[in-house]
Amino acid sequence: MINVELKGGVVKEFEANITAAEVAKSLGAGLYKACCACKVNGEVKDLRTELTEDCKLELLTFDDQEGKQAFWHTCSHVLAQAVKNLYPDAKLGIGPAIDNGFYYDFEVKKPFTAEDLEKIKAEMKAIVKSGLELERFELAPDEAIKMLKEMGEDYKVELCEEHSGKGENISFYKQGNYTDLCAGPHLMSVAPLKAFELTNCTGAYWRGDANNAQLCRVYGIAFPKASQLEEYLEKVEQAKLRDHNKIGRELELFTTSDLIGQGLPILLPKGARVIQLLQRFVEDEEQKRGWLLTKTPFMAKSDLYKVSGHWDHYQDGMFVFGDEEKDKEVFALRPMTCPFQYQAYLNRGRSYRDLPLRYNETSTLFRNEASGEMHGLIRVRQFTISEGHLMCTPEQLEDEFKSCLELAVFMLKTLGLYEDVTFRFSQWDPNNREKYIGTVEQWDEAQGIMGRILDHLGLEYSIGIDEAAFYGPKLDIQMKNVYGKEDTIITIQVDQLLAEKFGMVYVDKDGSKKNPYIIHRTSIGCYERTLALLIEKYAGAFPMWLAPTQVKILPIADRHHDAAFDVKKALEAQGIRVEVDDRSEKVGYKIREAQLEKVPYMIILGDKDIENGTISVRARKAGDLGAMTVEEFLSRAKEEIDSKVIN
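Residues numbered from 1 in each chain as written. Predicted model: local features only at pLDDT ≥ 70, side-chain atom pairs only at ≥ 80, totals over all residues. Heavy atoms only, no water.

### Re the packing of helix α9 (residues 269-288) against helix α16 (residues 527-538)
Part 1 of the reasoning: Between α9 and α16, the shortest axis-to-axis distance is 10 Å and the interhelical angle comes to 115°. By the angle between their axes, α9 is roughly perpendicular relative to α16. In the crossing of α9 with α16, the sense of the turn from one axis to the other is right-handed. Across the interface between the two elements, G271, V274, I275, L278, Q279 and V282 of α9 pack against Y527, E528, L531 and L534 of α16. (Axes fitted to C-alpha atoms, helices over the stretch in contact; angles between N-to-C directions. Helix = DSSP H or I, 4+ residues; strand = E, 2+ residues; numbered from the N terminus. Parallel < 35°, antiparallel > 145°, perpendicular 65-115°, else oblique. Left-handed = near helix turned anticlockwise from the far one by under 90°. Contact = heavy atoms within 4.5 Å.)

The structure is reproduced here in structure tokens:
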């Protein structure tokens, strides 16, 4: 007999070798049907897992993230089985569950069309209706590779060969005529997958490398109930209406050009104005808080990146000019500003009296993102960031980290984004040592210090293993776009390694030389990404202070044009961004156009307004505000702008 600790600390006795599924059945048919996977002593496993000794068992349903992952992962196998049934020559790539659904990559003769996806979906429904059970089995590496070669699955062979060196058996899952290399976990059968949809089909390079073959990636989503799927698809349709790629182009905030290239957006005058407003706001706020502005080069010799470690750990993500074997000097565009700002620190000797030393810069950076990763303004190859590096003593570290976090929170609250963010403590993976510099002891110390700081600040955060920068742990402030894809918007990093690499020292009170701690931070993150998230947050209807055009003046007839331009001049004198719509159109049409352009205020001028020395004001949201003097409107508008109110 074994003792199994269940939810709420309840301990029950069962026969040894009972499966998690049988435990679920004993607790009720409803629970068993809802279960997708389980955790045994904290490790996610199949429900078919046998319990051989005393343990803690957590039964996972679709309401649990790990349960969703098992549900979606199983549906990805059904997708792959359907494709193999319909297109036997297709070769399988990978098919994981992701944050919001699943995908599977296929090598096919030509990309799937919308009609193909409908056929695949119909075949998936037939597979689900058959109720096939999933069977897990293991093979020795040589047997696994032999079987996969006989199946003609070249990509699976590659994955299997990489794993074979570990000397462990390799697991597979089988459902009917379909077998797949997979670690699991999965559902017991395909029967629960009654509500699913194939949502998209794109190109994706094998393993994200543009030098590899381009595969056809099919995305999907699945739910236990049809009503959940319908609700999700409705949300997706609503999300499309807020997609920054759609709204940003419609409002002429940005565009792209095939002649320029992917991931290189063009900010149009309105979008450039919003970015300018954000940059001025950020730089002024940073100056108030003791940050010193630098301007550093866009590129440097490879020598700089070799010292920092970027050459060995980040070169694939950089744009490099020249060949080290042929050219005397090889340059690369900067992917980050830190090694450049360190040279400012090294400009002269430093003592403890100079610290903390805070450098900030509005930095244009360049990163060679994979084509499949790029999306509108959220992930691009050239971007501008509010980057800063702070050198301090160990005693100053916590207060300075706190001040960096306070600055980031202030920015997010001002922009109205704070309620939408989450925090992640990104740590290294000691099992992936090649990705990082420094010793185990140095990482344990840095992560311990940062963990204590976060706990002292009372911050709620998740932990992300293998998400750290190669030189240190970081706090990532995360935000999701309208489709639920999560990206980092702001980072704050603790670094105790690069100062030593660059010979950065200060003379302490006792006369000894020490390396400063470095905090890498952004205060608003990447401006392009922030603009994208703001577009989606407000559906293009920016708060007054950020609106590229704050007021549109709409004269009713040609005879009102002179008065309209007089009002424009008065508003511009007070810093208001204003346009006059002097087209020969009806005023109702002009109002609708201004509303579609998301302009915060409209001023309508007719005979009565000119006669009374007033203006008729209309707000984007509140509608008609009635007549008032120019001075009264200015007072209202300036208060709204100065307070940065979010309306």
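After that view, the rundown keeps rolling.
### Details of the packing of aromatic side chains
Part 1 of the reasoning: Using the criterion set out here, one finds 23 aromatic pairs in the structure.
Part 2 of the reasoning: Both rings, one in Y601 and one in F633, keep their centres 5.4 Å apart while their planes meet at 80°; by these two values the pair is edge-to-face. Here Y601, found in strand β33 (residues 601-605), pairs with F633, found in helix α20 (residues 630-642); they are 32 residues apart in sequence, far enough to count as distant.
Part 3 of the reasoning: Overall, Y601 belongs to the buried group, its relative accessible area being 4%.
Part 4 of the reasoning: We note K68 situated over the ring of F62; from NZ or CZ to the ring centre the distance is 5.1 Å. (Phe/Tyr/Trp six-rings, centres within 6.5 Å; stacked < 30°, edge-to-face > 60°. Buried < 20%, exposed > 50% of the residue type's maximum accessible area, 1.4 Å probe, protein only. Lys NZ or Arg CZ within 6 Å of the ring centre and 35° of its normal.)

### Notes on unusual backbone geometry
Part 1 of the reasoning: A cis geometry characterises the amide bond from G184 onward to P185, with omega recorded as 0°.
Part 2 of the reasoning: By the secondary structure assignment, P185 is in the loop between β13 (178-181) and β14 (195-205).
Part 3 of the reasoning: The omega torsion of the bond from L355 to P356 falls at 5°, within 30 degrees of zero and hence cis.
Part 4 of the reasoning: Along the polypeptide, P356 turns up in the loop between α12 (338-345) and β22 (357-366).
Part 5 of the reasoning: You will see that N41, though not glycine, has its phi angle at about 50°, which is positive.

### Things to note about helix α18 (residues 587-596)
Part 1 of the reasoning: Residues of α18 that are buried: K590, I591 and A594. Viewed end-on, α18 has its buried residues packed into an arc of 100°, placing them on one side of the element. Of the exposed residues in α18, those oriented more than 90 degrees away from the buried face are R592 and L596.
Part 2 of the reasoning: With its phi angle positive at about 65°, K598 sits one or two positions after the end of α18. (Arc of directions from axis to C-beta.)

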